[in-house]
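# A structural walkthrough
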Amino acid sequence: MLRFWEKRALTGVVTEHRGFENDIAQIRSALKDEVKKRFAGSLAIRMVDSGSCNACEAECNALSNPLYDLERLGIRFVASPRHADVMLLSGVLTFNMYHHVMDAWEQIPEPKWCITLGDCPVMQAPFRQSFAIKGPAEAHLPVAYHIPGCPPSPEVIMRGLLAFLRSLD
Ligand code: SF4
């Protein structure tokens, strides 16, 4: 038992990553400032899955956890496109989802922006050879920004949102 406590005292806490947490804190602060400056402190995102493997959505779900906590920065995922400023599009844009995606896009009030998420919408992910695909997304939608990755991590998504907001000058 003594050996256990000795080892624990010498090793310290290995599950914490201070550098990472500091990076996230900086991104959070910058995001909050940009949302306040450009969207009066409230940015609503309608996520649309146009035929993904759901890993991109899982990473987006993580944005709600206490480490990233996007809602406290004024960024919310909304259920209705009518309440949205931004459409965040994941997936390969299948034939079956095409009309639903375009319908959601039509319902978002102006001014509006489309951000593509993950490698699927730009036809770089594993499913790009399928006959059932109508992509790339930019052939059908005015894509304002692309967040790459397969899947992009929550940190990459946050950095992407920050870059998108800064590109709105
Ligand atoms: S980009 Fe990768 S992780 Fe995201 S939906 Fe496509 S295959 Fe899945």
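A few points on the structure. The model shown is predicted, which means the values in this text are computed figures rather than measured ones. (Residues numbered from 1 in each chain as written. Predicted model: local features only at pLDDT ≥ 70, side-chain atom pairs only at ≥ 80, totals over all residues. Heavy atoms only, no water.)

### Considering the environment of E16
Residue placement: E16 occurs in the loop between α1 (2-11) and α2 (18-39). Judged by relative accessible area, which is 40%, E16 ranks as partly exposed. Through-space distance from the C-alpha of E16 to that of A163 is 27 Å; in sequence the pair is 147 residues apart. (Helix = DSSP H or I, 4+ residues; strand = E, 2+ residues; numbered from the N terminus. Buried < 20%, exposed > 50% of the residue type's maximum accessible area, 1.4 Å probe, protein only.)

### Things to note about the sheet that holds strand β2 (residues 75-77)
Ordered by their spatial adjacency, 5 strands build an open sheet running β2-β1-β3-β4-β5, and the pairing between neighbours is parallel. Of all the strands in the sheet, the pair left with one neighbour each is β2 and β5 (143-147). For this sheet, the mean inter-axis angle between neighbouring strands, taken without regard to orientation, is 25°. When strand β3 (residues 86-90) meets strand β4 (residues 113-117), the two strands line up parallel, connected through 5 bridges. Across the sheet, L88 pairs through a bridge with I115, a residue of β4. (Pairing = 2+ DSSP bridges. Axes fitted to C-alpha atoms, helices over the stretch in contact; angles between N-to-C directions.)

### A word on the site of the ligand
Around the ligand sit 13 residues in total, of which C53, C56, D119, C120 and C150 are the nearest. Looking at the shell around the ligand residue by residue, the classes come out as 9 nonpolar, 3 polar and 1 charged. (Near = heavy atom within 4 Å. Nonpolar A, V, L, I, M, F, W, Y, C, P; charged D, E, K, R; others polar.)

### Things to note about the nonpolar core
Counting residues in each nonpolar core, the largest one holds 27 residues, and the members touching the most others are L31, L43, L70, L117 and M158. Elements represented by at least two residues in this core include exactly α2, β1 (43-49), α3 (55-62), β3, β4 and α5 (154-166). L89, L93, Y98 and W105 belong to the second largest nonpolar core, which has 16 residues in total. (Core = buried A, V, L, I, M, F, W, Y, C linked by side-chain atoms within 4.5 Å.)

### Points about the pattern of salt bridges
Counting across every chain of the model gives 4 salt bridges. For K37, the salt bridge identified is with E34, shortest N-O distance 3.9 Å. Here the residue K37 and the residue E34 both occupy positions in helix α2, the gap between them amounting to 3 residues, near one helical turn. Overall, K37 belongs to the exposed group, its relative accessible area being 59%. Between R166 and E34 there is a salt bridge, with its nearest N and O atoms 3.7 Å apart. (Salt bridge = Lys/Arg side-chain N within 4 Å of Asp/Glu carboxyl O.)

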